[in-house]
Amino acid sequence: ACRLTLKVPKDFRAIPGQYVTLGVADKSGIVHRRQYSITHFGSGTLSICVKGVPGGLVSNVLCDDCNPGDFVTLEGPEGDFILVERQLRDSKNLVFVTGGSGITPVYAIIRAAIEQEYTGKIYLVYGSVSESEIIFYEALKSLKTPNCEFIFAIDEDTPNWAGETGQLTEDK
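What comes next concerns the included structure.

So, how was this worked out
- Think of each chain on its own: its residues are numbered from 1, step by step along the sequence as written.
- Given that this is a predicted model, residues contribute local features only at a pLDDT of at least 70 and side-chain atom pairs are listed and counted only at 80 or more, while totals for whole chains, interfaces and linings are drawn from all residues.
- The basis for every side-chain value is the complete set of non-hydrogen atoms in the structure, without hydrogens or water.
- The criterion for strand pairing is that DSSP finds at least two bridges linking the strands in question.
- Here a strand is any run of E in DSSP of at least two residues, a helix any run of H or I of at least four, and the numbering for each starts at the N terminus.
- Lines are fitted to the C-alpha atoms to define the axes, a helix being fitted only along its stretch in contact, and any angle between axes, read from their N-to-C directions, falls within 0 to 180 degrees.
- Whether two residues are in contact is decided by their heavy atoms, any of which lying within 4.5 Å being enough.
- Any Phe, Tyr or Trp ring, taking Trp's six-membered ring, that has another such ring centre within 6.5 Å forms a pair; planes under 30 degrees apart are called stacked, those over 60 apart edge-to-face, and the others tilted.
- With a 1.4 Å probe rolled over the protein chains alone, any residue whose accessible area is under 20% of its type maximum counts as buried; one over 50% counts as exposed, and the rest are partly exposed.
- Think of it as a cone above the ring: NZ of Lys or CZ of Arg counts as a charge over the ring if it is within 6 Å of the ring centre and within 35 degrees of the ring normal.
- Each helix should span, by expectation, one fewer than its residue count multiplied by 1.5 Å.

## Points about the sheet that holds strand E5 (residues 73-78)
Phase 1 of the analysis: Spatially, E1-E4-E3-E2-E5 is the arrangement adopted by the five strands of the open sheet, whose pairing is antiparallel. What marks the edges here is a single partner per strand, and that holds for strand E1 (2-7) and E5. Pairs of neighbouring strands in the sheet enclose a mean axial angle of 35°, with direction left out of account.
Phase 2 of the analysis: Most of the contacts of helix H3 (residues 103-115) go to strand E3 (residues 31-42), to which it runs at about 20°, and overall it touches E3 and strand E4 (45-50).

Below you can see the structure in the form of structure tokens.
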């Protein structure tokens, strides 16, 4: 996975959990579009996480061929899997269960909740194939506050892994 930071208009506004649609042109000039969750945004920039896919028309161009100053098309933001003030005010707990690249909108929501000093518990259960494939692993561990409980599970049995191993089941 790679992280891309894009310049956007200063009036660009997004809500944690939303996504944008990026377009890149192939060698014949055809523009291919894909949606990517916004992981960070601020005045004049936004960041996304792109997981390269074998044979991917957009992800591989974004991860391997983009250079500072390159242009891509940008549409959005869109999406209603978002964190709203009412949830921070009225929810006793925030609970997230995700796997793989599904962490990207959840990461933005958890960051925002912590930055806005959410006082309830924040639970995250995140499954991945292997420890090396856990997107935002170090960032999530560094975000963790006393009201956060993060459980990481991987499919592969790995030496020195302290988290859960195997498929997440109802018993686990």
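## Brief notes about unusual backbone geometry
Phase 1 of the analysis: Gly76 connects to Pro77 through a cis peptide bond whose omega is 10°.
Phase 2 of the analysis: Along the chain, Pro77 turns up in strand E5.
Phase 3 of the analysis: Positioned with a positive phi, Glu117 is a non-glycine residue whose angle comes to about 60°.
Phase 4 of the analysis: Of note, Glu117 is situated in the loop between H3 and strand E7 (121-128).

## Looking at the packing of aromatic side chains
Phase 1 of the analysis: Taken as a whole and judged by the stated rule, the model has four aromatic pairs.
Phase 2 of the analysis: Taking the centre distance of 6.0 Å and the plane angle of 40° together, the rings of Tyr137 and Trp161 count as tilted. Of this pair, Tyr137 sits in helix H4 (residues 137-143) while Trp161 sits in the loop between strand E8 (148-154) and strand E9 (164-165); the two residues are 24 residues apart in sequence, bridging distant segments of the chain. With respect to burial, Tyr137 and Trp161 carry one shared label: buried.
Phase 3 of the analysis: Ring pairs connect the aromatic residues Tyr126, Tyr137, Phe152 and Trp161, which therefore count as one cluster.
Phase 4 of the analysis: Lys141 extends its terminal NZ or CZ atom over the ring of Tyr137, reaching a point 4.2 Å from the ring centre.

## So, the environment of Glu131
Phase 1 of the analysis: Positionally, Glu131 belongs in the loop between E7 and H4.
Phase 2 of the analysis: Separated by 24 residues in the primary sequence, Glu131 and Tyr107 have C-alpha atoms spaced 17 Å apart.
Phase 3 of the analysis: Apart from the residues within four sequence positions on either side, Glu131 is in contact with Tyr137, Ile154 and Trp161.

## A look at H3
Phase 1 of the analysis: Given a rise of 1.5 Å per residue, 13 residues ought to cover 18 Å, and the 18 Å separating the end C-alpha atoms of H3 matches this to within 8%.
Phase 2 of the analysis: Burial analysis of H3 places 12 of its 13 residues in the buried class, the great majority of the element.
Phase 3 of the analysis: Along H3, the residues that are buried comprise Ile103, Thr104, Pro105, Val106, Tyr107, Ala108, Ile109, Ile110, Arg111, Ala112, Ala113 and Ile114.
Phase 4 of the analysis: Remark: Glu117 follows H3 within two positions and exhibits a positive phi of approximately 60°.

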